[in-house]
Amino acid sequence: MALLQRDQIKQVVLESLQSVADLPANPEASDFSAFNDFQKHVFLSNLKGKINALPYYMNSGAESYLAYYDISLTPDSTDDWPTVGDCIDWIKENQRVVYL
């Protein structure tokens, strides 16, 4: 099973962040303290959708749509991540593959 690499996850996280905020110069060092509940919801919804929409990459590097990546999020998931970098690392460690 091929899991997403940190750079792939970072790209998805930053794209999801852009749906609610401008990205600072060093986005991995920024936190979620300025986000209100609606912004957190939009960010987490975008993040979940974008992760789920990625094609599954087989060990050979080929893409497959017989499985997909998933992460378990709650409405207060951002409270568990001191920074955006922590969010990226958490996803890397907690991603799972769901088979169709």
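The shown structure was predicted, so the numbers you read here are calculated from the model rather than taken from an experiment. (Residues numbered from 1 in each chain as written. Predicted model: local features only at pLDDT ≥ 70, side-chain atom pairs only at ≥ 80, totals over all residues. Heavy atoms only, no water.)

**So, the packing of aromatic side chains**
- Scanning the model with the defined rule gives six aromatic pairs in all.
- Measuring from centroid to centroid gives 6.0 Å for phenylalanine 32 and tryptophan 81, while their planes differ by 55 degrees, and the two rings are tilted. Here tryptophan 81 lies in the loop between strand S2 (63-70) and helix H3 (84-94) and phenylalanine 32 lies in the loop between helix H1 (6-17) and helix H2 (37-53), a separation of 49 residues in the sequence. By the burial criterion, phenylalanine 32 is buried, and tryptophan 81 matches it.
- Seen from their ring centres, tryptophan 81 and tryptophan 90 are 5.6 Å apart, and the 55 degrees between their planes marks the pair as tilted.
- On the accessibility criterion, tryptophan 90 (27% relative accessible area) is partly exposed.
- Three or more aromatic residues link up through ring pairs in this structure, and these residues are Phe32, Phe35, Phe43, Trp81 and Trp90. (Phe/Tyr/Trp six-rings, centres within 6.5 Å; stacked < 30°, edge-to-face > 60°. Helix = DSSP H or I, 4+ residues; strand = E, 2+ residues; numbered from the N terminus. Buried < 20%, exposed > 50% of the residue type's maximum accessible area, 1.4 Å probe, protein only.)

**Observations regarding the pattern of salt bridges**
- On inspection of all chains with the given rule, the structure shows six salt bridges.
- Across the pair aspartate 70 and lysine 48 runs a salt bridge whose closest N-O atoms are separated by 2.7 Å. With a gap of 22 residues between them, aspartate 70 in strand S2 and lysine 48 in helix H2 connect regions that are remote in the sequence.
- Taking the relative accessible area as the measure of exposure, aspartate 70 reaches 6% and is therefore buried.
- With relative accessibility at 26%, the residue lysine 48 sits in the partly exposed group.
- Arginine 96 is the salt-bridge partner of aspartate 70, the closest N and O atoms lying 2.7 Å from each other. (Salt bridge = Lys/Arg side-chain N within 4 Å of Asp/Glu carboxyl O.)

None of this, on its own, says anything about what the molecule does.
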